[in-house]
Amino acid sequence: MKLPHYKKIKTSPKNKTLDLDPKNEVKEMFMKWFKKNNKVGQIMTKQEVVENVIAKLDAKQNDALEQAMNELKRSSLIETKEDGVTLVLTQKGVDFINN
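**Focus: the packing of aromatic side chains**
This structure, assessed with the given rule, holds 1 aromatic pair. When the ring of W33 is compared with that of F34, the centres are 5.1 Å apart and the planes differ by 80°; the resulting orientation is edge-to-face. As far as burial versus exposure is concerned, W33 and F34 are alike and both buried.

Shown next as structure tokens:
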């Protein structure tokens, strides 16, 4: 029996490595964006956070978003501007993504 196109089950891509920790997946999303735009002081605006990270999160990742951002800040890979949303890549962050 062939299922209609809207009832087909989606499978995960074979080349995607699964990280069972949503927090680490979220951290990786931020760092991948910064790696693409790699320079000290690189700013990720609120709009870019929404478009490149928040819009792509599943429910578990969304729940882990705040914790992931806090860990990136605690490890000094990023800093947060006064607005609490704009992110800045630090020298330590640049060194991290270049290794």
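**What about the pattern of salt bridges?**
Counted by the stated rule, this structure contains 4 salt bridges. Between E71 and K23 there is a salt bridge whose closest N-O contact spans 2.8 Å. Of this pair, E71 sits in helix 3 (residues 59–74) while K23 sits in helix 1 (residues 22–36), and the two are 48 residues apart along the sequence. Side by side, E71 and K23 carry an identical accessibility label, which is buried. Linking K32 and E28 is a salt bridge whose minimum nitrogen-to-oxygen distance equals 3.2 Å. You can see K32 and its partner E28 sitting in helix 1, 4 residues apart, about one turn around the helix. Taking the relative accessible area as the measure of exposure, K32 reaches 53% and is therefore exposed.

Procedures and definitions
Here the residue numbering is sequential within each chain, running from 1 through the sequence in written order. Where local features are concerned, this predicted model is filtered to residues with pLDDT of at least 70; where side-chain atom pairs are given and counted, the filter is 80 or more; whole-chain, interface and lining totals use all residues. As a rule here, side-chain values come from all non-hydrogen atoms in the structure, and water together with hydrogens is ignored. Ring pairs shown here join Phe, Tyr and Trp side chains whose ring centres sit within 6.5 Å, with only the six-membered ring taken for Trp; geometry is labelled stacked below 30 degrees between planes, edge-to-face above 60, and tilted in between. For every residue, the accessible area (1.4 Å probe, protein chains only) is compared with the maximum for its type, and the residue is labelled buried under 20%, exposed over 50%, or partly exposed between those bounds. Each salt bridge in this description consists of a side-chain nitrogen of Lys or Arg and a carboxyl oxygen of Asp or Glu lying within 4 Å of one another. Here a helix means four or more residues in a row that DSSP labels H or I, a strand means two or more in a row labelled E, and each is numbered from the N terminus.

That is the geometry; function is a separate question.
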